[in-house]
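# Coordinate inspection notes
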Amino acid sequence: MNATMRRFATGAVAVSMALSVAACGKAGSDDKGDSDNKTIGLLLPENKTTRYETFDRPLITKKITSLCPDCEVAYNNANEDTETQKKQFDALITKGVKVIILDAVDATATRSWVDRAAEKGVKVVAYDRLAEGDISAYVSYDNEKIGQLQGEAMLQALGDKAAKSNVVMINGSPTDPNAALFKSGAHSVLDEKVKKVVYEQDIPGWSAAEANKKMTAAVTSLGKDGFDAVYAANDGMAGAIATALKSAGVSGVPLGGQDCELAGIQRILAGSQTYSIYKAIKPEAETTAEIAVALLEGDGIGELAPQKSDSHSKKGVPTKLFDAQIVTKDNVVDTIIKDEVYTAEEICTKSYAKACAEAGIK
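The rules behind the values
Every chain is numbered independently, its residues counted from 1 as its sequence is written. At least 70 in pLDDT is required for a residue's local features to be given in this predicted model, at least 80 for side-chain atom pairs to be given and counted, and no such filter applies to totals for whole chains, interfaces and linings, which use all residues. Side-chain metrics in this entry use all non-hydrogen atoms of the structure; hydrogen atoms and water are not considered. Basic side-chain nitrogens of Lys or Arg form a salt bridge, by our definition, when they fall within 4 Å of a carboxyl oxygen of Asp or Glu. A run of DSSP states H or I qualifies as a helix once it reaches four residues; a run of E qualifies as a strand once it reaches two. Both are numbered from the N-terminal end. Working definition: with a 1.4 Å probe on protein chains only, accessible area under 20% of the residue-type maximum means buried, over 50% means exposed, and in between means partly exposed. Whether two strands pair depends on DSSP finding at least two bridges between them. Think of each axis as a best-fit line through the C-alpha atoms, taken over the contacting stretch in the case of a helix, with angles from 0 to 180 degrees between the N-to-C directions. Put plainly, a pocket is an open set of points on a 1 Å grid over the protein atoms alone with protein on both sides within 12 Å along at least five of seven lines, a cavity is a set where a 1.4 Å probe fits but cannot get out, and a lining residue has an atom within 4 Å of a point. Grid points are joined across faces, edges and corners, and a volume is the space filled by probe spheres set on the points. Under the scheme applied here, ten amino acids are nonpolar (Ala, Val, Leu, Ile, Met, Phe, Trp, Tyr, Cys and Pro), four are charged (Asp, Glu, Lys and Arg), and all others, including Gly, are polar. One less than the residue count of a helix, multiplied by 1.5 Å, gives the span that helix is expected to have. Contacts are residue-level and defined by heavy atoms, with any inter-residue pair within 4.5 Å sufficient. In the analysis that follows, any N or O atom pair within 3.5 Å is treated as a polar contact, provided that within protein one partner can donate a hydrogen and the other can accept it, and provided that, for residues neighboring in sequence, both atoms belong to side chains.

### Quick look at the pattern of salt bridges
Counting across every chain of the model gives 14 salt bridges. Close ionic contact of Glu284 with Arg51 constitutes a salt bridge, the shortest N to O distance being 3.2 Å. Taken together, the residues Glu284 in helix H10 (residues 281-296) and Arg51 in helix H2 (residues 51-67) connect sequence positions 233 residues apart. Since its relative accessible area comes to 0%, Glu284 is described here as buried. Here Asp134 ties to Lys314 by a salt bridge, and the two come within 2.7 Å at their closest N and O atoms.

Below you can see the structure in the form of structure tokens.
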């Protein structure tokens, strides 16, 4: 993510809201659709996680329109509802859209719709989550490695106490294939290094409210001293877990998350969250936009997606996976602020001014 990101995010959101179906480039023919349709569909899964509306949507939209000034972006958010997303997907097909960027609510539910789209010559780019079906490309992060980073950050936080520590794990949604990879990666690091995972739950829809309930149940079941650290699969749930811990009178327990949401960074500085995982969204979003435009124009994507991935339904999908890094109080300046994900002013509101000063953030 570079230093221009924050400057255009707000404006790009406004532009993308005004976009409608129009017509850029060349695509495959479809007797029932418009072979000259220049619209690219963009379907995102939910808006509870702040990244999608704040970063992914404006970044993808801006890059598409910069590469193809005549192109339009038809955007919809499914608000965590698979049936809603299916209707949005089908509506794009009906309109004759030839390329769809799809971040699936339920990656296992997409197979039949994506296959039908492919039969009509529609190219689907799986974004962030590896949707099933005959997709044309996949862009995301090395999600198992992200889970490993989460586990490594937890071990670093526990230090010499790791081998004697019991861990609570609050994982992501069972319908999100990334959540399974995060969990697998974290377990591969933690299982041989900590005493035991004493409580573990998957959270449908990445619901922060449900994460709060499960953490409260864990404290009730295990007791305040029955665990030594909490793994949360993302920052939204970490915030809800931090609230549950505070309400239960539990303090000093390492708590990790992912995504580097603004509230997560503030909690890290204040001490109620220990770490997050920084995934630079800009390169992921812009590469996806480049692939979508290339597919629309009939160009090759080998240089943009040089890797290969296998889903449950298709092998050898052209893929691009990006790396991530651990963020703690010690490197907020060199990561989040340096890349202008958030400015010091945005992070260091009145409630966090003291914490920022102690961390050397001005």
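### Considering the sheet that holds strand S2 (residues 72-77)
Read across the sheet, seven strands follow the order S2-S1-S3-S4-S5-S12-S11 without closing on themselves; strand pairing throughout is mixed. A single partner strand is all that each edge strand has here, and the edge strands are S2 and strand S11 (307-309). Taking each pair of neighbouring strands and ignoring which way they run, the sheet shows an average axis angle of 25°. Across four bridges, strand S5 (residues 137-141) lies against strand S12 (residues 317-322) in parallel orientation. In the strand pairing of S12, Tyr138 is matched with Thr319.

### Here's the deal with empty space enclosed by the protein
Approximately 120 Å³ is the volume attributed to the largest cavity. As for the largest cavity, its lining consists of 14 residues, of which Tyr52, Arg129, Asp176, Trp206 and Asp259 are closest to the centre. Those elements that provide at least two residues to the lining of the largest cavity are H2 and helix H6 (177-190). In terms of residue class, the lining of the largest cavity is built from three nonpolar, four polar and seven charged. Of the pockets and cavities examined, the second largest cavity occupies roughly 80 Å³.

### Section: the layout of surface pockets
When its volume is computed, the largest pocket comes out at roughly 370 Å³. Lining the largest pocket are 21 residues, and of these Leu130, Pro177, Asn178, Leu181 and Asp310 lie nearest its centre. Looking at the lining of the largest pocket, the elements with two or more residues in it are S5, helix H5 (143-158) and H6. Ranked by residues supplied to the lining of the largest pocket, first place goes to H6 with four residues. In terms of residue class, the lining of the largest pocket is built from nine nonpolar, seven polar and five charged.

### Points about helix H8 (residues 235-247)
Side chains three or four residues apart in an α-helix point the same way, a direct result of the helix having 3.6 residues per turn. Its 13 residues give H8 an end-to-end C-alpha distance of 18 Å, which sits within 8% of 18 Å, the value for a rise of 1.5 Å per residue. For H8, the full list of buried residues reads Asp235, Met237, Ala238, Gly239, Ala240, Ile241, Ala242, Ala244 and Leu245. Against strand S6 (166-171), helix H7 (208-222), strand S8 (229-232), strand S9 (255-256), helix H9 (262-270) and strand S10 (276-278) lie the buried residues of H8. Put simply, Asn234 is the residue that caps the front of H8, since its side-chain oxygen is 3.4 Å from the backbone nitrogen of Gly236. Count one or two residues on from H8 and you reach Gly249, which has phi positive near 75°.

### A closer look at the side chain of Asp103
In this fold, Asp103 is placed in the loop between strand S3 (99-102) and helix H4 (111-119). Looking at Asp103, the relative accessible area reads 0%, which means it is buried. A polar atom in the side chain of Asp103 sits 3.5 Å from the side chain of Tyr52. The residues contacting Asp103, other than those within four sequence positions of it, are Leu43, Leu44, Pro45, Tyr52, Gln85, Tyr127, Asp128 and Arg129.

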